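Summary of structural features
Single-letter residue listing:
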Amino acid sequence: MADKAIAARLVLNRIGVGALTLLIVSAVIFTITSLLPGDAAQEALGQSATAETVAALRAQYGLDKPGPVRYANWLGGLVTGNLGQSFSASMPVAELIATRLPKSLLLASVTAAVSVPIALALGILAAMARGGALDRALSLATLGMVAVPEFLVATVAVLLFAVKLRWFPALSNSLDIKDAGQFFRTYAMPVLTLCFVVIAQMARMTRAAVIDQLSASYVEMAVLKGAKPARVALRHALPNAIGPIANAVALSLSYLLGGVVIVETIFNYPGLASLMVDAVTNRDMPVVQACAMIFCFAYLLLVLVADLVAILSNPRLRHR
Amino acid sequence: MDNRKRDSLKLMLGMGAAVSAGGILTLPGSAFAQAPKRGGRVRAATSSSSTADTLDPAKGAVGGDYTRHNMLYSGLTQLDASLTPLPALAEEIRNDKATTWTFKLRKHVKFHDGSALTPADVVYSLNRHKDAATASKVKTVAEQFAEVKASGPNEVQVKLVGPNADLPVILAASHFLIVKDGVKDFTTANGTGPFKLKDFKPGVRTVVVRNENYWKPGRPYLDEVELIGIQDEPARVNALLSGDVQLIVQVDPRSTGRVNSTPGYAVLETKSGLFTDLIMRQDAAPTGNPDFVMAMKYLIDREQAKSAVFRGFAVVANDQPIPPSHRYYLAGLPQRPYDLDKAKFHLKKANVSGNVPVYATAAANGSIDMAVLMQQSAQKIGLNLAVNRVPADGYWSNHWMKHPLTFGNINPRTSADQLFTQFFKSDAPWNESGWKNEQFDQLLLAARAEPDEAKRKKMYGDMQVLVHEKCPIGIPVFISFLDGHSTRIKGLVPTPAGGWMYYTFAEHVWLDG
């Protein structure tokens, strides 16, 4: 039962730290975005701004109040579950997020479902064959994948599969997906591009973690007592390597949620990352803040899950 | 009434545009030789779409907004392919000394919700721009409306603070499209335009369907139009060539070969009044020196800017802002050449040496390349132009007109008066160089009040000469708009104020095959 107590303590502890982190992040984001030149009123009016219209719009947006007051208002709204009103879209922030967040989650989960098994398999294979030809080939391949920027992968994929072969559409912005075939066609290319980026990272971390364990003395013992290499790797080394692997996976997944703005731009995919970039360009503070909170929250959640997985999978931590 | 001079719009602005009995816009060109077909769906991609996308005509900021508004709403007037105004919701336009304008409204026009168009709608739509809370992009333009009122059951009268013969041109802008009286909530659109709103998600897409009760019989031809935004130019071209979209804006000159060489696709070049200009501030050194200004003007290699920077998709300009396609263009003004000797002579006279910084940005189309071209020319006469590349984000508020030597980027204006008033009048906030010229200001006011076409054209010609000779800005070329389209789209013709037939393509084009 010790594992449950540890897990409960960890979760409680993390919730407290998490709330504090969110508060600090929101204050930092608020300060930095108010340092950006121009505000929402000036951005909205652009070249045609006059002093009078800027003032009127500022009053409409509540930008005429001092910064700390605006921040306190926003925070008060957040606590009561009100994310506020978007300046540029003049609709509730919650409504904007509601159309984008499921899209981002869907893309992230499909990519994770494809990439995590492949990455783990590749990493474990490479670790088992460390120093061998397979390991070197995989190392070269994953290093190559890490080095190629995703906009290049995406653009080449579009040129090849959409423009030349016409297998898939160049855009993945379809809002009304009717069947599995259409789903596949819509998601194939963005998922392929993202897999390119995250598989390599996860596979390399997995390989390093497993190799680290394979050089430990208990593994030597297992080899000496005659266990087969696959059994040594999967039964003995892997459970001890799950902690770092889970962390690597968590990092990659948090990237999938908020860091995919290039893929969203090229495939015209209406996700959260491009919403946030839009919001920064328009100086649309409530949307920027809401997106930042979501990304930060997802990151904290993923790290927490990774730690829990590490504790629950590791016999030594579990029974301490 | 007898002693008042009244002109009908058609007489006053009779520039050879064909207006049929029903007031239907007909465009010249062979594209119309083929009978238009009804039906079909077009998906079109602009270059920018964000959560700032709006259904409020007053707030339109980018081409995507103008296109959306022109699909959903109609204006009192409409421009033809020579930018001459034609009657639209107003079927008859009279004016008294270009100061009091009377618009007789077309009968039996219905909004999308079924209600009839009334003078109250027009009065509301024009007056709301003057309210600062509307945050209208054309508030400064609307301030010339002294009074807008219903002057009869089917008539609206606009009294201006001073004469302006260009009012019908100004009212054709998408910002002045007519909305329903009293509407403040623009989460949906209720207009009199050729299409009705089906779905609108800012930053994602706009879908419109044909308005069966549109006031132009037989129009529009398309059943449905979907408007999306693809920021990245290669992604936009790829979407076109893979068949995902049928029409795109802003094809990079470098991509034109790729589009044109793909069977079934073509690029439409719209020669326009868009320009990127070199701004020399009058209140700073060394740009306040007239000889330095002349040296810079002679340093601009216009032919090379046209061929190297824009791959030929531009028209050589002559340091004045009216393009050859405009009806008030002054032909015969001698072209200022690229002349290093003259540049050197003026530079020596100005006694300028050392480093002169120039600010260029991706926000001003082609300015970085043009700055580098000028830098190379300047080296040949012993001047060191230091090119500072600054980010596009925040350029207009942080750099534009804030240093002695910067670049500006001016979109085409349909009205010569508007262009000169906004960017060249001595007291204009966007008088980029801070140029002050009394003679020019007088001509501008006189031309605005002059209803006689020939006299106006002469005055605008004189103003072009003044700007060319004295105004401290350099205009190297007029940049063409490049639209990419599937050749199945018919009826697409250039309208020199912008791409996509000045953002009105949806009601004019049809699908073939």
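Conventions used here
- Residues numbered from 1 in each chain as written.
- Chains lettered and ligands numbered in written order.
- Predicted model: local features only at pLDDT ≥ 70, side-chain atom pairs only at ≥ 80, totals over all residues.
- Helix = DSSP H or I, 4+ residues; strand = E, 2+ residues; numbered from the N terminus.
- Buried ≥ 20, exposed ≤ 12 C-beta atoms within 10 Å, placed from the backbone.
- Contact = placed C-beta atoms within 7 Å.
- Rg over C-alpha atoms; globule rule 2.2 N^0.38 Å.
- Core = buried A, V, L, I, M, F, W, Y, C linked by C-beta atoms within 7 Å.
- Expected span 1.5 Å × (residues − 1).
- Nonpolar A, V, L, I, M, F, W, Y, C, P; charged D, E, K, R; others polar.
- Pairing = 2+ DSSP bridges.
- Arc of directions from axis to C-beta.
- Axes fitted to C-alpha atoms, helices over the stretch in contact; angles between N-to-C directions.
- Parallel < 35°, antiparallel > 145°, perpendicular 65-115°, else oblique.
- Left-handed = near helix turned anticlockwise from the far one by under 90°.
- pLDDT = per-residue confidence, 0-100.

A few words on the overall build of chain A. In terms of regular secondary structure, chain A is built from 14 helices and zero strands. By its C-alpha atoms, chain A is 85 × 55 × 35 Å across when sized along the principal axes. Looking at chain A as a whole, 38% of its 320 residues are labelled buried. At a minimum sequence separation of 6, the contacts of chain A that also span at least 24 residues come to 71%.

Looking now at the overall build of chain B. For chain B, the helix and strand inventory stands at 16 helices and 21 strands. Computed over its C-alpha atoms, the radius of gyration of chain B comes to 23 Å, within 12% of the 24 Å expected for a compact globule of 513 residues. When its C-alpha atoms are laid out on the principal axes, chain B stretches across 70 × 65 × 45 Å. Counting only residues that meet the buried cut, chain B has 53% of its 513 residues in that class. Within chain B, contacts between residues at least 6 apart in sequence are counted, and of these 71% link residues at least 24 apart.

If you look at the biggest cluster of nonpolar residues, it comprises 222 residues, and the most contacted ones within it are A:V210, A:A233, A:C291, B:V225, B:A295 and B:V477. Per element, the largest residue contribution to this core is 15 residues, and it comes from helix α8 (residues 180-214) of chain A. If we ignore the near neighbours within four places in the chain, the residues touching B:V477 are B:F275, B:R302, B:A305, B:K306, B:F310, B:A314, B:V315, B:V316 and B:A317.

Another aspect to go through is helix α15 (residues 453-470) of chain B. Residue and element names in this part refer to chain B. In this model, α15 (18 residues) spans 26 Å end to end at C-alpha, consistent with the 26 Å of a helix rising 1.5 Å per residue. Among the residues of α15, those classed as buried are R456, M459, Y460, M463, Q464, V467 and H468. Among the structural elements, α13 (416-423) and α14 (438-449) are those in contact with the buried residues of α15.

With that settled, consider the interface of chain A and chain B. If you look at the interface, chain A gives 41 residues, while chain B gives 30 residues. When contributions to the side of chain A that touches chain B are tallied by element, the ones reaching two or more residues are α2 (40-45), α3 (51-61), α5 (93-128), α7 (150-164), α11 (261-266) and α12 (272-281) of chain A. When grouped by side-chain class, the residues that make up the side of chain A that touches chain B number 20 nonpolar, 17 polar and four charged.

To continue, consider unusual backbone geometry. Trans peptide bonds make up the majority, and among non-glycine residues the majority have a negative phi. All names here are of chain B. Residue P220 is reached from R219 by a cis peptide bond, and omega for that bond is -15°. Relative to the assigned elements, P220 resides in the loop between β10 (205-210) and β11 (224-229). Note that the residue after A285, namely P286, is joined by a cis bond; omega there is 0°. Inspection of the secondary structure assignment puts P286 in the loop between β13 (265-280) and α8 (290-299). One non-glycine residue, H108, lies in the positive phi region at around 60°. Looking at where H108 falls in the secondary structure, it is placed in the loop between β6 (100-105) and α3 (119-127). Notably, D319 is not glycine yet its phi reads approximately 60°, a positive angle. By C-beta crowding, D319 is classed as buried, having 23 other C-beta atoms within 10 Å.

Residue and element names in this part refer to chain B. The pairing of β6 with strand β8 (residues 155-160) spans five bridges and is antiparallel. Pairing of T102 across the sheet is with Q157, part of β8. Relative to β8, strand β7 (residues 145-152) is paired through six bridges, and the arrangement is antiparallel. Paired with K149 across the two strands is Q157, which belongs to β8. As consecutive antiparallel partners, β7 and β8 are separated by two residues.

In this section: α3(B). Of all the positions in α3(B), only B:P119, B:D121, B:V122 and B:S125 are classed as buried. Down the axis of α3(B), the buried side of the element spans an arc of 160°, and every buried residue falls inside it.

Assignment of secondary structure puts A:V303 in helix α13 (residues 285-313). Sequence separation between A:V303 and A:P190 is 113 residues, and the spatial gap between their C-alpha atoms is 25 Å.

All names here are of chain B. Contact geometry of α8 with helix α10 (residues 340-350) gives a least axis separation of 8 Å together with a crossing angle of 160°. One finds that α8 runs roughly antiparallel with respect to α10. Along this stretch, α8 crosses α10, giving a crossing that reads as left-handed. Contact with α8, carried on its side by D291, F292, M294, A295, Y298 and L299, involves K342, A343, H346, L347, K349 and A350 of α10 and no other residues of that element.

Residues and elements named next belong to chain B. Their axes nearest at 10 Å, the elements helix α9 (residues 302-309) and helix α11 (residues 367-380) cross at an angle of 135°. Judged by the angle between their axes, α9 and α11 are oblique. At the point where α9 passes α11, the crossing takes the right-handed sense. Taking contact as the criterion, the partners of Q304, A305 and V309 in α9 are, on α11, D369, M370 and L373. Among the residues making up the contact of α9 with α11, the classes are represented as four nonpolar, one polar and one charged.

In this section: the confidence of the model for chain B. Residues and elements named next belong to chain B. Of the residues in chain B, 93% have a pLDDT of 70 or more, and the chain-wide mean is 89. Within chain B, helix α1 (residues 9-12) has the poorest average pLDDT of any element, 36, and α3 the best, 97. When the criterion is pLDDT under 50, residues 1-32 qualifies, and its contacts beyond four places in sequence or with other chains add up to 44 contacts. For this predicted complex, the interface score ipTM comes out at 0.79, while the overall pTM is 0.84.

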